[in-house]
Amino acid sequence: MTQATPMAAAIARGPEWQKMVAGEPYDAADPELKAARERCRKLYHTFNTSWQEKPARDVLLHDLLGGHGRACAINPPFFCDYGANIFVGENFYANVNCTILDVCEVHIGDNVLLAPGVQIYTAAHPVAVVPRVAGVEFGKPVRIGNNVWIGGSVVICPGVTIGDNCVIGAGSVVTRDIPANVVAVGNPCRVLRPMTAEELAGC
């Protein structure tokens, strides 16, 4: 079961933070947001460069992530915007070079595997030129179900939900929701086939 961490709960959550996590337009230059990003960078820099044994790295992850279940393992380097908006379940594993831009919440279920180079984006910018140049930003949350395997160098775009038990093929760019119990591949990512009964056995 995912539990919130005390360090993440201690982050200042003023008006711009509230707008950000709600998916509304917000000012990324807000001092509280800048302070939260700086805190995050310091934590993941220590995590990425310390080469400490796993118990010490676990303490850093506990301080960095918004919440995590048991047996959470991330191979450095790992990068994120705030950390506090990332919630992962039991038996989570992310291989090297994982990037999660968590301006909105990212919820990841139990028994999820991320291959090297997976990128999860909740952050977005307006298509219209004037507000984009003015620095307006917004986000959309991402949800990944239980028992999902994400292949190498997959990009998951803002607002996407991936259902339980899915396999997402390497190099895919996931721009829309993927239903449960399928193998999906490509750019843009599309369902290749349903998983067989044998593949789903024991889920």
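Residues numbered from 1 in each chain as written. Predicted model: local features only at pLDDT ≥ 70, side-chain atom pairs only at ≥ 80, totals over all residues. Heavy atoms only, no water.

## As for the overall build of the chain
Here is the rule we go by: Only DSSP runs of H or I covering at least 4 residues are called helices, and only runs of E covering at least 2 are called strands; the numbering of each starts at the N terminus. Here the radius of gyration uses the C-alpha set of atoms, whereas the globule reference equals 2.2 Å times the residue count to the power 0.38. Buried means the residue's accessible area, taken with a 1.4 Å probe over protein chains only, is under 20% of the maximum for its type, while exposed means over 50%, and partly exposed covers the values in between. Here, residues are in contact when the closest pair of their heavy atoms is within 4.5 Å.
The secondary structure content of the chain amounts to 6 helices and 21 strands. In terms of overall size, the chain behaves like a compact globule, its C-alpha atoms giving a radius of gyration of 17 Å where 203 residues would be expected to give roughly 17 Å. Structurally, the chain occupies a C-alpha span of about 50 × 45 × 25 Å along its principal axes. Looking at the chain as a whole, 45% of its 203 residues are labelled buried. Within the chain, counting contacts between residues at least 6 apart in sequence, those at least 24 apart form 32% of the total.

## Quick word on the sheet that holds strand β2 (residues 26-27)
For clarity, the threshold we go by: Paired strands are those between which DSSP finds at least two bridges.
Read across the open sheet, the 3 strands follow the order β2-β13-β12; overall the sheet is antiparallel. Looking at which strands have only one partner, the edges of the open sheet turn out to be β2 and β12 (123-124). Here β2 runs beside strand β13 (residues 136-139); their pairing, made up of 2 bridges, is antiparallel. When the bridges of β13 are listed, aspartate 27 appears paired with valine 136.

## Concerning helix α4 (residues 54-64)
For the record, the criterion: The arc in question is the one traced by the directions running from the helix axis out to the C-beta atoms.
What α4 keeps buried is the set Leu60, Leu61, Asp63 and Leu64. Down the axis of α4, the sector holding all buried residues measures 160°, keeping them to one side.

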